[in-house]
Amino acid sequence: MTLDPKLSCRRCTNNAAVFISRKEPFCRECFVRFLRGKQRKQMADYKVCYDPSTSAPQIPPKILLALSLSESSLSLFEMLVSLLHEQRKMHRGNSGFELFVVHVDQSNVYPYPAGMEPNTILENIRQNYHDTCTITCTPVDDFFADARTGLQFIHDASDIAEYSLLEDQALDSKITVSDLLTNIRDRTSKLDILQIIRETLIFKTAKELECTTILWGDTMSRLAEKTLSLTAKGRGSVIPYLLSDGSRNDIHNIYPLREVLRSEAEEYINLLDISKYVSKPSIKTPNVLRMMTIDDLLGNYFADIEKGFPSIVSTVVRTAAKLTDTVARARYACALCGLPCDDESPERWLQDITVNQSAPTADSTCEQDSIGVVKDRQRPIICYGCLIATKGASFPWISTIASSKEAVLDEYELH
Amino acid sequence: MSGRSTESIRPLSSATCELCHIRKPSLRRPKTGQKICQPCFFHVFETEIHNTITSANLFFRGERVAIGASGGKDSTVLAHVLKVLNERYDYGVGFVLLSIDEGIKGYRDDSLKTVKRNKDQYAMPLEIVSYKELYDDWSMDDIVAQIGNRNNCTYCGVFRRQALDRGAQKLGIKHVVTGHNADDMAETVLMNLLRGDTARLDRCTEIVTQSTDSPVKRSKPLKYAYEKEIVLYAHYKKLDYFSTECVYSPEAFRGTARALIKNLETVRPSAIIDIIRSGETFTLERKRGTVATKLGTCERCGYISSNRICKACVLLEGLNAGRAAVQVNGSEYEPHEGAALHKRLEHLSF
Ligand SMILES: [Zn+2]
Ligand SMILES: [Zn+2]
Ligand SMILES: [Zn+2]
Ligand SMILES: [Zn+2]
């Protein structure tokens, strides 16, 4: 962005402005302080604490940062490092937390541009930050390291996958996440499943490292996208559970960037010269609407909105935060995504409004069709969102915006 | 490669309907993508509405229910299906068609002709109430002539709601069913999220709305019916409906939410019911105080109102005073962000 060189920072009124955010011009220093302030506000509990009787510093809690190597998770990483440095300086080497970092390596699933491979990047980060944090890299295939977990997962997901093929491979314990994903046709479902796998691994790492808190790098923009995307995927009931700060799987979760826009996080890593650590798989977002995922679609929608109307982004996030968490004490956990759910058979709701019977014939009244969601075998409880994801609905025709009779007939009538 | 387990494999090039396996398919079902025949389509479409009605215990035997009939596809399909189901399952409900004449030339006068034909086609009594008779001789055309082309839907929303209630009361009826479809429901969920309307977010997917400021119960039997399937049903049943859209511009915000819904439906056809499913799980804790609002009646017109003067009378006062534009600040009908924002939202691309 090229700014008018005469434009000065509104905060210090001294330095030249380098970036305009939310209509306010900032100099480099003020902008960095502004964003760090937003992160520190969310993490006010992680100060250096002293024992009141001995006045010795208390042992700091271990916290785990989920580092996806995106712009936002990297900016959160930098903010945490700077907070640690500051605490050590002020408190004679003591700090308010011990920082662990985990990256789930999915380079077996997606190709990465040369030089941007996550293990190369992580090695660079390790060299520069070894004195402030411990960095772990977990390959996504670790998900199947425990053969029993793998088999259970495949069994539960058998609707989506070429069951026999996967079962054979799993028995030889050669199964990879890549195998699993190639057998899911719907791109939205693929990402959904991959997301579940990543989060499972992050929680597993947190338990192994005995971390009591996980920090997620999602910005306000991403949280708004996720709110709408979860809604669109029929997972609305878990929005407060997933997107609020609080306890999940006995671990505390915080979104320290919940008041930071994606564009601000991007500018932050540029200004601090850490954009060289960004590592993203080379996936092209398709141009054809019907090939997009629900997340692609909402990403585009909010990218447009954020430019002109950042207030809508914060409205969505604030509204989501007001929703009551009704699943926190749910009786069941979905066998697939592990999230709490209260409805033990969402397929019943679906069957009522998506009837799968033929019209009554002359000799029989109502013939029940055998192709349905309900199965004879005892099946585990699957939440509504996973029920839909595993149906892999994807239809190769294009829909129109206006449902004019001609357009609808043209599209759906068979000739 | 289909990549699906045997129990859910669908015939690849189905020569026969995927539901009855007998007849030739004639359409692809928008909700599921199944290739099915017309009789099976009618069957599933009607049965789903029946299931919606019975699982919500929507009607009771002997009840008199008014169908808010605009002459458009939604309410025409609603009237037709309710007649069919009432006979097939013996609900024992007495249905009446109730129409509002807003006084919009070229739109309402023609659609009212359709409703009058529906009256004979469905053998249901018809009651028409007009804005002119209810609201100091103001028709919608008169209102637009005075206030210009902005905020039309604010007026129409307030006036139409009261008009339906008054029409129902005139007939001694306490239950009005409307033709809101699944697309409308999903759109409302997204709209309420985007504009942070927590007063409505958790209730907007309820099938029955009985609000404190209305003496009449409202319900939406088509809440799970896709707009596209309503179009197909009306076409194959050769129903007589009026297809021109209202000539006055709808709220811009609604336009972007609708475009988003259509895009989501393209990516995943179940998205519409998935959004409604999500909406049904949204819960918000309410402050005690809001429930206890004292209900009275409007000083001017006697209609139930929590304020001294009801919303319709406030709008009327503005019109009568001849002001060019009435700002209904704090009204639940006014979106929070202001009209300029909404104007610009119209031009958003996806
Ligand atoms: Zn400054
Ligand atoms: Zn699940
Ligand atoms: Zn059939
Ligand atoms: Zn009044």
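On a predicted model such as this, the values are computed, not experimentally measured, just so you know.

Student: Would you mind showing me how to read the overall build of chain A here?
Tutor: What chain A contains, in helices and strands, is 15 helices and 10 strands. Out of the 415 residues in chain A, the part that is buried amounts to 53%. Looking at chain A alone, contacts between residues at least 24 apart form 68% of all its contacts between residues at least 6 apart. Summed over its atoms, the accessible surface of chain A is roughly 19,200 Å², and 51% of this surface lies on carbon and sulfur atoms.

Student: How should helix H13 (residues 311-320) of chain B be read in this particular structure?
Tutor: An α-helix turns once per 3.6 residues; consequently, residues spaced three or four apart project the same way. Every buried residue of H13(B) is accounted for by B:Ala312, B:Cys313, B:Leu315, B:Leu316, B:Gly318 and B:Leu319. Just downstream of H13(B) lies B:Gly322, where phi reads positive at about 75 degrees.

Student: Mind showing me how you'd approach the nonpolar core here?
Tutor: Nonpolar side chains in soluble globular proteins tend to end up buried together. By size, the foremost hydrophobic cluster in this structure holds 92 residues, and its most contacted members are A:Val177, A:Leu228, A:Phe302 and B:Leu264. Among the elements that make up this core, the one with the highest residue count is helix H7 (residues 187-208) of chain A (eight residues). Setting aside its immediate chain neighbours within four residues, A:Leu228 contacts A:Leu298, A:Phe302, A:Val316, B:Leu190, B:Leu193, B:Leu194 and B:Leu260. One finds A:Val355, B:Val77, B:Tyr91 and B:Leu239 within the second-largest nonpolar core, a separate group that totals 46 residues.

Student: Before we go on, may I ask you to explain the pairing of strand E8 (residues 251-254) of chain A in this structure?
Tutor: Successive residues of a regular strand alternate their side chains across the two faces of the sheet. Residue and element names in this part refer to chain A. Sheet topology places strand E6 (residues 213-216) next to E8; three bridges connect them, and they run parallel. What sits directly across from Leu215, in E8, is Ile254. Here strand E7 (residues 246-248) runs beside E8; their pairing, made up of three bridges, is antiparallel. Its bridge partner lying in E8, Arg248 is registered against Ile251.

Student: What exactly am I supposed to notice about the sheet that holds strand E4 (residues 98-105) of chain A here?
Tutor: What links the strands of a sheet is backbone hydrogen bonding, and the strands pair in either a parallel or an antiparallel sense. Residue and element names in this part refer to chain A. Ordered by their spatial adjacency, six strands build an open sheet running E5-E4-E3-E6-E8-E7, and the pairing between neighbours is mixed. The open sheet terminates on both sides in strands that have one partner only, identified here as strand E5 (133-139) and E7. On average, each strand axis in the sheet is inclined to that of its neighbour by 30 degrees, with strand direction left out of account. As defined by bridge partners, strand E3 (residues 62-66) adjoins E6 across four bridges and the pair is classed as parallel. Considered in E6, the bridge of Leu65 is made with Leu215.

Student: What am I meant to see in the packing of aromatic side chains here?
Tutor: Per the counting criterion, the structure on display carries 20 aromatic pairs over all chains. When the ring of B:Phe45 is compared with that of B:Tyr233, the centres are 4.6 Å apart and the planes differ by 25 degrees; the resulting orientation is stacked. Residue B:Phe45 is located in helix H1 (residues 38-55), and its partner B:Tyr233 is located in helix H9 (residues 227-236); the two are separated by 188 residues in the primary sequence. Among the residues examined, B:Phe45 registers a relative accessible area of 2% and is labelled buried. For the cation-ring pair, B:Lys237 lies above B:Phe42, with the distance from its terminal atom to the ring centre recorded as 4.0 Å. Over the ring of A:Trp349 we find B:Arg277, and its NZ or CZ is 5.0 Å from the ring centre.

Student: What am I meant to see in helix H11 (residues 271-281) of chain B here?
Tutor: Burial analysis of H11(B) places nine of its 11 residues in the buried class, which makes it a mostly covered element. By the burial criterion, the buried members of H11(B) are B:Ala271, B:Ile272, B:Ile273, B:Asp274, B:Ile275, B:Ile276, B:Arg277, B:Ser278 and B:Gly279.

Student: Got a minute to help me understand the domain arrangement of chain A in this structure?
Tutor: When the parts come together, some accessible area is lost, and that loss is often what is quoted as the size of the interface. All names here are of chain A. For chain A, the assigned domains read domain 1 (1-41) and domain 2 (43-48 + 56-154 + 170-330). Here domain 1 and domain 2 have C-alpha centroids that lie 27 Å from each other. Domain 1 puts 14 residues into the contact, and the matching count from domain 2 is 22 residues. For the pair domain 1 and domain 2, the two sides together bury roughly 1,700 Å², of which 54% comes from carbon and sulfur.

Student: Whenever I open this one, the coordination of the zinc ion (ligand 2) confuses me. Can you help?
Tutor: By definition of the ideal shapes, a tetrahedral metal site with four donors has angles of 109.5 degrees and an octahedral site with six donors has angles of 90 or 180 degrees. Coordination of the zinc ion (ligand 2) by the protein involves A:Cys334 (SG), A:Cys337 (SG), A:Cys383 (SG) and A:Cys386 (SG), with metal-donor separations of 2.3 Å. Here the zinc ion (ligand 2) binds four donor atoms, and the angle range of 104 to 113 degrees at the metal identifies the geometry as tetrahedral.

Student: I'm lost on the pairing of strand E5 (residues 126-130) of chain B in this one. Help?
Tutor: Residues and elements named next belong to chain B. The sheet contact formed by strand E4 (residues 94-101) and E5 spans five bridges and is parallel. Looking at the pairing, Ser99 lines up with Ile128 of E5. Traced from E4 through helix H3 (residues 108-121) to E5, the parallel crossover comes out right-handed.

Student: Whenever I open this one, the coordination of the zinc ion (ligand 4) confuses me. Can you help?
Tutor: Residue and element names in this part refer to chain B. Protein coordination at the zinc ion (ligand 4) comes from Cys298 (SG), Cys301 (SG), Cys310 (SG) and Cys313 (SG), with a distance range of 2.2 to 2.3 Å. Each of the four donor atoms bound to the zinc ion (ligand 4) contributes to angles spanning 106 to 112 degrees, and the resulting shape is tetrahedral. Taken in sequence order, the residues that donate to the zinc ion (ligand 4) follow the motif C-x2-C-x8-C-x2-C. A relative accessible area of 2% means that Cys310 is categorised as buried.

Here is what the cut-offs are and how they apply
- Residues numbered from 1 in each chain as written.
- Chains lettered and ligands numbered in written order.
- Predicted model: local features only at pLDDT ≥ 70, side-chain atom pairs only at ≥ 80, totals over all residues.
- Heavy atoms only, no water.
- Helix = DSSP H or I, 4+ residues; strand = E, 2+ residues; numbered from the N terminus.
- Buried < 20%, exposed > 50% of the residue type's maximum accessible area, 1.4 Å probe, protein only.
- Contact = heavy atoms within 4.5 Å.
- Areas by Shrake-Rupley, 256 points an atom, 1.4 Å probe, with all protein chains shown as cover.
- Core = buried A, V, L, I, M, F, W, Y, C linked by side-chain atoms within 4.5 Å.
- Pairing = 2+ DSSP bridges.
- Axes fitted to C-alpha atoms, helices over the stretch in contact; angles between N-to-C directions.
- Phe/Tyr/Trp six-rings, centres within 6.5 Å; stacked < 30°, edge-to-face > 60°.
- Lys NZ or Arg CZ within 6 Å of the ring centre and 35° of its normal.
- Domains from an automatic or database assignment.
- Buried area = accessible area lost by both parts, 1.4 Å probe.
- Donors = N, O, S within 2.8 Å, 3.2 Å for Na, K, Ca; no water.
- Tetrahedral: all angles 85-135°; square planar, octahedral: opposite > 155°, others 65-115°.
- Right-handed = clockwise from strand over helix to strand, strands pointing away.

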